[in-house]
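Fold and contact review
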Amino acid sequence: MATEKPPWWKTDFGPPKYDLFLPEAIKKNYGKWAYHEVIRPGVIKRVAESGDVVYTVRFGTPRLISIYTVRELCDIADKYCDGYLRWTSRHNVEFILTDESKIDDLIKEVEEKVGFPCGGTWDTPRGKYGLTNIIHTQGWVHCHTPAIDASGIVKAIMDELYEYFVDMKLPGLCRISLACCANMCGAVHASDISMVGIHRTPPLVDDDAVRRMCELPTTAASCPNAAIRINAKKKTVEVDGEKCMYCGNCYTMCPGMPLFDPENDGTAILCGGKVSDARHPPELSKVVVPWVPNEPPRWPSVVDYVKKIFMAWANNAKKHERMIEFIERIGWERFFELAGLDFSWHLIDDFRVPPFMYASYRIGTQFRW
Amino acid sequence: MSETPLLDQIPDGPWPSFVKEIRKTAELQEKAIKEGKEIKMPGCAKALLKQLERSYEDKKTHWKHGGIVSVVGYGGGVIGRYSDLGDELPEVHHFHTIRVNMPAGWFYSTKALRQLMDVWEKWGSGLLNMHGSTGDIILLGTRSEYLQPCFEDMMKMDPPFDIGGSGSDLRTPSACMGPALCEFACFDTLDLCYDLTMEYQNELHRPMWPYKFKFKISGCPNDCVAAKARSDFAIIGTWKGDIQIDQEAVKEYAEWMDIEEEVVKLCPTGAISYDAEKKEIKIDNSNCVRCMHCINKMPKALKPGKERGATICIGAKAPCVEGAIIGWVAVPFIPADELKDRVKEIVEPLWDWWDDEGKFRERIGEFIWRKGMGMFLRVIGQEPDVRMIKHPRTNPFMYFEENELRPSKVVEELKKRGVKFKSLEREEEE
């Protein structure tokens, strides 16, 4: 039944246009920035061609926040920044100021009232790098396919690495990210250190749910390893446990294919990926720890592995070297030694052969013209 | 005795705690209710903590598989989420997500944010992600019957906020802060992001493709939004021509920087030399691969060349199902002022082809692997370029189209027998 829509009704109107939300100093100098300097951890001075200066002051957040916290941040932005603020691509919140003398008060107010730490910056000219926030996914807080929690692990790791966020004492950039299953909403496959939730047992087929909710051919076709066979007689599917590599794609397609096992789900740890083209072209992360059990609430083993990998790099990398540059210089054998990691057969790729053709495609933007 | 002894251990330590945020929401929601505010999801933050505590005990999620929910007129942007503890915790039995399309670059006015928070205080859990992985504002947790009135209140805001993408549609495009704050931006990332988002509203709101499709836009090869790794269609700023050098600023850096050690020696192609006496640098631009290292090191002294534009990389995605892919080069260079038009000229026939011939849940990168780069380039109208590859192929199993063959008796005979030759043209629909 079609009903008359009210006059304010609309769809497909899109997001607010970005220029509605730019402070005056940015509007005036849009596209005309000359250079920037990091004047202290968390504070970047940006100088325009006009000579105008703005300061961006960055704070780490837990990503999952309260509307009441957003209101507190708004109060502070009203007081110091003419009512504007922004978020970065890594869950940090940034305040933009024109008056340098207000920076101390702003930082004090955010840290005391909201409890978010100032930091997350790096000073490439001086070769002093801080750690920025961990990109992550929903985990047990709000997702139906996770093998691990997300926010809880991130909290435990950032507690451990906190001093590197609020200071700039690392040799290079280090991006850490976490995805709670192989669907990877967080796309952590190109980070210096990444964690991904994995399952280790094939789906425990719920025949009744398969019958009620799933298309058999679609469910079978969802398996990249052809491990799912249709049992037409019983109107369900069967899984070849020797072929399944627990990716969970079938569960995404069909609720009758749950593959959760609290005792066997856990975290795989990868390292050596990057997306920037600076010096070394983009690179996929590589698995260095095949599985770590779930240990809520403080996840000591994952934290310990990440810290070992992080410190092996932080203590031995040359200035500006990212994880993959460091590892390629010293060699993977030396890296496993330095990080105190065991090498096992799981780390040798046996998931089919990636297409030869892709191996020769150029990634990144490093061209000669 | 606490009801959440495991979660109680999470706020320990200096990093801000999400558990604290949930608790704060629970407390302040209660206070707001006492003050007479209309709140449709009372008690849900507290129930969420109880459910999470149970996950921490059981070491598994308690959210059930999807369920289709939506708002009128759209097919995407709202994600059904139900608790398997619904009987015990009715406050979070329905706990659906609304993805809200963020402004490009994640800039906000407090006026707009406050309005959105008011809407979410009334209709939802009062909890959100700033931001989700794709870039949307993620409103976490409301009931099916509140989705529509919540969206209607978003329509009435000044300015209004629209819903983002989900499912097999165009996901919310995102961009780095670009020219708003960064001197490295090789084109206007925010403008392009907004333009594409507005142009493709239908594709964004109504899932119609084999699978999802992501645009991400970074103003320079540093790629602050990780477009190269995360988007089917990555637009990455770059330039041609010479890096602009301000030798006076080089001299300033030389006061305290070891230019030889940290700039010259780290150039991946050895294209920079430094004259320590004159305190000047020289760049062999024909050998520069525009990696950004020297510019990152000396932002005051070095700038990207004046002929600016972007590279298109295609196919990036997470590991499910054919393995993780970093996007590869589809178009090496598009001048900045042609980007808006060229991107549309490329992507529209590409979508059309993928929509017709892609398999269910086949991302564009996997689809192109199956079909071949030759066909892909023909579809998007792009000439092959040596900059698309690290090296030419190592096997001789090349295809040839019929018009590349010399006329011969064998060709005639094959044709007479009905043998079809490789063609890069899409088959006409009968």
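Here we summarise the structure given alongside this text. Only a predicted model underlies this, so the values are computations on that prediction, with no experimental measurement involved.

**Topic: the overall build of chain A**
Along its length, chain A carries 11 helices and 14 strands. Considering only C-alpha atoms, chain A reaches an extent of 75 × 70 × 50 Å along its principal axes. Within chain A, buried positions represent 62% of all 369 residues. As displayed, chain A has an accessible area near 14400 Å², and 51% of this comes from carbon and sulfur atoms. Computing the positive centroid from 45 side-chain charges and the negative centroid from 48, chain A places the two 4 Å apart.

**Describing the overall build of chain B**
The number of helices and strands found in chain B is 14 helices and 14 strands. In chain B, buried positions account for 60% of the 430 residues. Put simply, of all contacts in chain B between residues at least 6 apart along the chain, 65% involve residues at least 24 apart. Carbon together with sulfur atoms contributes 49% to the accessible area of chain B, which is approximately 17200 Å² in total. Computing the positive centroid from 60 side-chain charges and the negative centroid from 70, chain B places the two 3 Å apart.

**Quick word on the sheet that holds strand β6 (residues 92-97) of chain A**
Spatial strand order, β1(A)-β2(A)-β3(A)-β6(A)-β5(A)-β3(B): six strands in an open sheet with antiparallel pairing. Strands at the two margins of the open sheet, each flanked by one partner only, are β1 (33-40) of chain A together with β3 (107-109) of chain B. Going across the sheet, the axis of each strand differs from the next one's by a mean of 25°, ignoring polarity. Pairing between strand β3 (residues 53-60) of chain A and β6 of chain A: six bridges, direction antiparallel.

**Here we look at the packing of helix α2 (residues 67-80) of chain A against helix α3 (residues 110-123) of chain B**
Look at α2 of chain A against α3 of chain B: their axes get within 10 Å of each other, and the N-to-C directions meet at 160°. The angle between the axes of α2 of chain A and α3 of chain B places the two elements in the roughly antiparallel class. In this structure, α2 of chain A crosses over α3 of chain B, and the sense of that crossing is left-handed. Residues I67, Y68, V70, R71, C74, D75, A77 and D78 of chain A of α2 of chain A lie in contact with α3 of chain B, whose contacting residues are T110, L113, R114, M117, D118, W120 and E121 of chain B.

**Remarks on the pattern of salt bridges**
A full pass over the atoms with the stated rule returns 60 salt bridges over all chains. Among the ionic pairs, E94 of chain A bridges to R86 of chain A, the shortest N-O distance being 3.0 Å. You'll find E94 of chain A and R86 of chain A in the same group, each marked buried. For the salt bridge of E357 of chain B with K371 of chain B, the shortest nitrogen-to-oxygen distance reads 2.6 Å. You can see E357 of chain B sitting in helix α11 (residues 339-357) and its partner K371 of chain B sitting in helix α12 (residues 364-371), a full 14 residues away along the chain. A relative accessible area of 25% places E357 of chain B in the partly exposed class. One salt-bridge network, held together by shared partners, links D352, D356, E357, K371 and R426 of chain B.

**Let's talk about the pairing of strand β8 (residues 233-240) of chain B**
Residue and element names in this part refer to chain B. Taking burial as the measure, the eight residues of β8 include seven buried ones, the bulk of the element. Pairing geometry for strand β7 (residues 215-218) and β8, over four bridges, is parallel. Paired with K216 across the strands is A234, a residue of β8. As defined by bridge partners, β8 adjoins strand β13 (residues 307-314) across eight bridges and the pair is classed as antiparallel. Paired with G237 across the bridge in β13 is A310.

**Remarks on unusual backbone geometry**
The omega torsion of the bond from P296 of chain A to P297 of chain A falls at 5°, within 30 degrees of zero and hence cis. In this structure, D12 of chain A takes a positive phi of about 55° despite not being glycine. Using a relative accessible area of 23% as the deciding quantity, one classes D12 of chain A as partly exposed. Here the phi dihedral of A226 of chain B falls at roughly 55°; this positive angle occurs in a residue that is not glycine. Topologically, A226 of chain B is positioned in the loop between β7 and α7 (227-230). Overall, the relative accessible area of 18% leaves A226 of chain B in the buried class.

**Quick word on α3 of chain B**
In a regular helix each residue adds 1.5 Å, so 14 residues correspond to 20 Å; α3 of chain B covers 20 Å between its end C-alpha atoms and thus fits that length. Those residues of α3 of chain B that fall on the buried side of the exposure criterion are T110, A112, L113, L116, M117, V119, W120, E121 and W123 of chain B.

**Regarding the nonpolar core**
F95, F310 and F335 of chain A together with F215 and I235 of chain B are the most contacted members of the largest nonpolar core, which has 235 residues in total. Ignoring sequence-local partners within four residues, the contact set of F310 of chain A consists of L131, L161, Y164, L170, C174, I176 and I193 of chain A. Within the second largest apolar cluster, 14 residues are counted, among which are V210, C223, V237 and C244 of chain A.

**Side note on the side chain of N29 of chain A**
Looking at the secondary structure, you find N29 of chain A in helix α1 (residues 24-29). Within polar-contact distance, the side chain of N29 of chain A engages the side chain of S50 of chain A at 2.7 Å. Aside from chain neighbours lying at most four places away, what touches N29 of chain A is A48, S50 and D52 of chain A together with P179 of chain B.

**Observations concerning the environment of K359 of chain B**
Residues and elements named next belong to chain B. You can see K359 is positioned in the loop between α11 and α12. Taking the C-alpha atoms as reference, K359 lies 36 Å from W239; in sequence the two are 120 residues apart. Not counting the four nearest positions on each side in its chain, K359 is found in contact with P210 and R370.

**Let's talk about the state of the cysteines**
Residue and element names in this part refer to chain A. Within the structure shown, the criterion is met by one disulfide over all chains. C214 shares a disulfide with C254; S-S distance 2.1 Å. Around the S-S axis, the bridge from C214 to C254 shows a dihedral of about 80° and counts as right-handed. Note that C214 is positioned in the loop between α5 (207-213) and α6 (216-221) and C254 in the loop between α7 (249-253) and β13 (266-271), a separation of 40 residues in sequence. Note on C254: relative accessible area 0%, which makes it buried. Residue C185 stays outside any disulfide, its sulfur separated by 6.1 Å from that of C143, the closest cysteine.

**Examining the packing of aromatic side chains**
The description of an aromatic ring pair uses the distance of the two centres, along with the angle that the planes make with each other. Following the criterion strictly, the structure yields 41 aromatic pairs over all chains and no others. Where W209 of chain B meets W351 of chain B, the ring centres are 4.6 Å apart and the plane angle is 40°; that geometry is what we call tilted. Taken together, the positions of W209 of chain B in the loop between α6 (201-205) and β7 and W351 of chain B in helix α11 put the pair 142 residues apart, joining distant regions of the chain. Accessibility expressed as a relative area gives 9% for W209 of chain B, which makes it buried. Here a set of aromatic residues connected by ring pairs shows up, and it is made of Y200, W209, F213, F215, F233, W351 and W354 of chain B. Sitting over the ring of F13 of chain A, K10 of chain A keeps its end group 5.4 Å from the ring centre. Here the guanidinium or amino end of R387 of chain B rests over the ring plane of W369 of chain A, the centre of that ring lying 3.8 Å away.

**A short note on the interface of chain A and chain B**
Size of an interface, as often reported, equals the accessible area lost when the parts are brought together. On the chain B side, the residues contacting the 129 residues of chain A number 150 residues. On the surface where chain A and chain B come into contact, there are nine salt bridges. Sorting elements by how many residues they give to the side of chain A that touches chain B places α2 of chain A first, with 10 residues. Along the lines of polarity and charge, the residues of the side of chain A that touches chain B split into 66 nonpolar, 39 polar and 24 charged. Alignment of strand β4 (residues 64-66) of chain A against strand β4 (residues 127-130) of chain B, held across three bridges, turns out to be antiparallel. Opposite S66 of chain A, over in β4 of chain B, you have L127 of chain B as the bridge partner.

About the criteria used
Residues numbered from 1 in each chain as written. Chains lettered and ligands numbered in written order. Predicted model: local features only at pLDDT ≥ 70, side-chain atom pairs only at ≥ 80, totals over all residues. Heavy atoms only, no water. Helix = DSSP H or I, 4+ residues; strand = E, 2+ residues; numbered from the N terminus. Buried < 20%, exposed > 50% of the residue type's maximum accessible area, 1.4 Å probe, protein only. Areas by Shrake-Rupley, 256 points an atom, 1.4 Å probe, with all protein chains shown as cover. Lys, Arg positive; Asp, Glu negative; His and termini not counted. Charge placed at Lys NZ, Arg CZ, Asp CG, Glu CD. Contact = heavy atoms within 4.5 Å. Pairing = 2+ DSSP bridges. Axes fitted to C-alpha atoms, helices over the stretch in contact; angles between N-to-C directions. Parallel < 35°, antiparallel > 145°, perpendicular 65-115°, else oblique. Left-handed = near helix turned anticlockwise from the far one by under 90°. Salt bridge = Lys/Arg side-chain N within 4 Å of Asp/Glu carboxyl O. Expected span 1.5 Å × (residues − 1). Core = buried A, V, L, I, M, F, W, Y, C linked by side-chain atoms within 4.5 Å. Polar contact = N/O pair within 3.5 Å; in protein donor to acceptor, adjacent residues only side chain to side chain. Disulfide = S-S within 2.5 Å. Phe/Tyr/Trp six-rings, centres within 6.5 Å; stacked < 30°, edge-to-face > 60°. Lys NZ or Arg CZ within 6 Å of the ring centre and 35° of its normal. Nonpolar A, V, L, I, M, F, W, Y, C, P; charged D, E, K, R; others polar.

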